[in-house]
Amino acid sequence: MRSLCVSLFLLQLVGTSFCQFPRPCANSEGLRTKECCPVWDGDGSACGALSGRGFCTEVLVSDEPDGPQYPHRGIDDRERWPLAFFNRTCRCAGNYGGFNCGECRFGYWGSNCAEYRESVRRNIMTMSTAEQQKVISFLNLAKNTISRDYVISTATRAEMGENGENPMFSDINTYDLFVWMHYYVSRDTFLGGPGNVWREIDFAHESSAFLPWHRVFLLHWENEIRKLTGDFNFTIPYWDWRDAQSCQVCTDALMGGRSSFNPNLISPGSVFSSWKVICTQPEEYNNREALCNATGEGPLLRNPGNHDQNRIPRLPTTADVEFTVGLPEYETEPMDRFTNMSFRNVLEGFASPETGMAMSGQSTMHNALHVFMNGSMSSVQGSANDPIFLLHHAFIDSIFERWLRTHQPVRTSYPRANAPIGHNDGYYMVPFMPLYRNGDYFLSNKALGYEYAYLLDPGQRFMQEVLTPYLEQAQQIWQWLLGAGILGALVASVIAALIVAMRRKWKRNQRRKRTSSYGERQPLLQSSSEEGSASYQTTL
C-alpha cells in the first residue's frame, strides 16, 4: 500500500497529456513561438489555468548522459524531446491531464478528476461473442474515423522553416495515429543524402524504456477509443499465448483468419481484410529522406507459423514466463539488446528465457510472437498495423506487472543515466505531447487505474470473467426485457379480465338455470304439502 501511495504521489507531480501533435499547436504560430499551451474551453484559459487545472511552463529536459550507441548530436528531431518543436507546454496539476489539462490522468474520472476507478483488462478468449464483436467494431471504427485532437508531422522540423512558415502536418485516423507513432519512435536517423541513415537508434525498443513506453502507448490508445465510442468502460483485451501451438486469435470471429486464396492475406470474411497498412517501407523512406506520411501501402499481411523455424523454434511457454518473472534485475549493462540476466532484455526477446543470456540469430518471448506472425507485425516500424499487436502487448504489459509486484523495485532500479538515447529515467517519451517521463511509469498499474483479470484473486476473477459478462449483456437488453415485461403484464391483465368476465357470465347463467328449474318444479313443491316433508327434501 505504501508503494502505491508513493506512486500516486509521484504521478501527481507530472503533467499528463497525449501524443503527437495536438491539433491546436500544429501551425506556424505554434512552431514559431515553440509553445504548445492550448486553451481549455471550460474556462477559456491556456491549460485551464483560471480553474487551477494547470499552467503553461518551460520544458526542462534531462541532462544525464546517454550511452555510446548513438554518437550524433543535434541532427534528429527526437533528441532532447520535445525541444525541436516546443519548449513550453502545459503542466497539469493534481489529477488533471490532457494536452490542455481538460481531461483526467489515467485512472481518474469526473468533472474534477477526483474519482479513482480501476478498469479490468480481460482475456479475449474468455469474453462473450458480443464482447469480442464490440472490440472488433471499435477497432474498425477507429480505423475509419479521423482523429479529432491530433495530427502527424509529414516532414522534419528543419523542412518546416526556421520560423515555422511551412508547417507540414496531416490528418490521420485514430487507429493509424498509433501506427504512425510506433513508426516514428523507432525509425532510423537521417544523416544526409539518400539512404544515409543511422540504424542503431530506437527510443522505445532494445533498452529500458521498452516496457514503460508501451505501457503509456496502450493507456493512451485505450483513452482515445473511450472518447471516440463513448464507452468509458472499454479496456484492451489481452491474448494469453503461453504454451500456444498456433495463432488462437487468427479466426474470422476475432483478428481475422487466413485467406484460402492467398495464405499471406486475411480472410475475406474478416473486417480486417479491407484494411490498408501504413509506414511499412522504411528503406524507401530512407532513400527519399522522408518521413512516412501515412499513405496506404497495401493490405494487412499475416501468415502465422510459416516463419523461419531456426529463428523461432517454438512459441513462449509457461516455464519461459516464470523464469523471466523470476529474474531480479530489471536492467544490466550495457543496457541494450546484448544485455545478460536482464528481465527487460529477456522479456523483450533478445535473451534466452532459459538461461537469461543474450542470443544472436534467435528471437524469444515478445519478439517471438512478432516473427511468428510472419507479416506486417514482423517489422518493427510497421508492426502496430496488425490489431494482434494490441492483444500481444497487453499480455506483455501484464508480465511486466507481475515482475513489479514480485520484486517491488525502487525507482533507482530504473537506469538514471548512460542508457541508449531516449531510455534514461528522466527522458521524455517520444513522440508523446506534452510529456511523460520513462521512470514515472516504472510502477504498478494499480496507480494507473487498471488491472488484469488473471492477476485478480479467485473471487474477483469470478466476478470479472463470469458474472460481469452476464450483467453487461443484461444491461444491453434491459429495454427489451422491460418492454417484454410490460407487454406480458398487459396480456396477463387482459386474460385475467376475460376470465373474470367469463366467470361472472357463467355465474349469471347458473342463476338463471336455477331460477328456471325452480319454476318447473313448483307444482311438486305445492304438492309436497300434501304428500309430506319427504317430497320437499328430495326435491330440494
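This is a predicted model, so every value here is computed, not measured.

1. Things to note about the overall build of the protein
Part 1 of the argument: Across its full length, the protein holds 14 helices and 15 strands.
Part 2 of the argument: For the protein, the proportion of its 540 residues judged to be buried stands at 51%.

2. A look at the pairing of strand β5 (residues 88-92)
Part 1 of the argument: Bridge analysis of strand β1 (residues 35-36) against β5 gives two bridges, and the strand direction is parallel. Within β5, the position partnered with cysteine 36 by the bridge is threonine 89.
Part 2 of the argument: Note: strand β4 (residues 54-58) against β5, five bridges, orientation antiparallel. If you follow glutamate 58 over to β5, its bridge partner there is arginine 88.

3. Observations regarding the pattern of salt bridges
Part 1 of the argument: A complete count under the given rule lists 38 salt bridges for this structure.
Part 2 of the argument: Taking the shortest distance from any N to any O, the salt bridge between aspartate 386 and arginine 302 comes out at 2.9 Å. Of the two residues, aspartate 386 sits in the loop between α9 (365-373) and α10 (388-407) while arginine 302 sits in the loop between α6 (282-288) and α7 (318-326), which places them 84 residues apart along the sequence.
Part 3 of the argument: The class for aspartate 386 is buried, based on a relative accessible area of 0%.

4. Topic: the environment of phenylalanine 169
Part 1 of the argument: Along the polypeptide, phenylalanine 169 turns up in strand β12 (residues 169-170).
Part 2 of the argument: The exposure class of phenylalanine 169 is buried, given its relative accessible area of 19%.
Part 3 of the argument: Sequence spacing of phenylalanine 169 and valine 151 is 18 residues, and the spatial spacing of their C-alpha atoms is 6.2 Å.
Part 4 of the argument: Once residues within four sequence positions are removed from consideration, phenylalanine 169 is found in contact with Phe21, Ala26, Asn27, Leu31, Val151, Ile152, Ser153, Thr154 and Met160.

5. Focus on the state of the cysteines
Part 1 of the argument: Scanning all chains against the criterion turns up seven disulfides.
Part 2 of the argument: Here cysteine 25 connects covalently by a disulfide to cysteine 36, the sulfurs 2.0 Å from one another. The S-S bond linking cysteine 25 to cysteine 36 shows a torsion near 80°; that makes this disulfide right-handed. In this pair, cysteine 25 sits in the loop between α1 (2-12) and α2 (28-33) while cysteine 36 sits in strand β1, placing the two residues 11 residues apart along the sequence. An identical accessibility class is assigned to cysteine 25 and cysteine 36; each is buried.

6. As for the nonpolar core
Part 1 of the argument: Within the largest apolar cluster, 119 residues are counted, with the highest numbers of intra-cluster contacts made by Trp81, Trp180 and Trp239.
Part 2 of the argument: Ranked by residues supplied to this core, first place goes to α10 with 11 residues.

7. Some remarks on the packing of α9 against α10
Part 1 of the argument: Running from N to C, α9 and α10 cross one another at 165°; their axes reach a closest spacing of 10 Å. As judged from the angle between their axes, α9 and α10 are roughly antiparallel. When the axes of α9 and α10 are compared, the crossing they make is right-handed. Between α9 and α10, the residues in contact are His366, Leu369, His370 and Met373 and Ile388, Phe389, His392, His393 and Ile396, respectively.
Part 2 of the argument: Its residues placed into classes, the contact of α9 with α10 shows five nonpolar, four polar and no charged.

The rules behind each value
Residues numbered from 1 in each chain as written. Predicted model: local features only at pLDDT ≥ 70, side-chain atom pairs only at ≥ 80, totals over all residues. Heavy atoms only, no water. Helix = DSSP H or I, 4+ residues; strand = E, 2+ residues; numbered from the N terminus. Buried < 20%, exposed > 50% of the residue type's maximum accessible area, 1.4 Å probe, protein only. Pairing = 2+ DSSP bridges. Salt bridge = Lys/Arg side-chain N within 4 Å of Asp/Glu carboxyl O. Contact = heavy atoms within 4.5 Å. Disulfide = S-S within 2.5 Å. Core = buried A, V, L, I, M, F, W, Y, C linked by side-chain atoms within 4.5 Å. Axes fitted to C-alpha atoms, helices over the stretch in contact; angles between N-to-C directions. Parallel < 35°, antiparallel > 145°, perpendicular 65-115°, else oblique. Left-handed = near helix turned anticlockwise from the far one by under 90°. Nonpolar A, V, L, I, M, F, W, Y, C, P; charged D, E, K, R; others polar.

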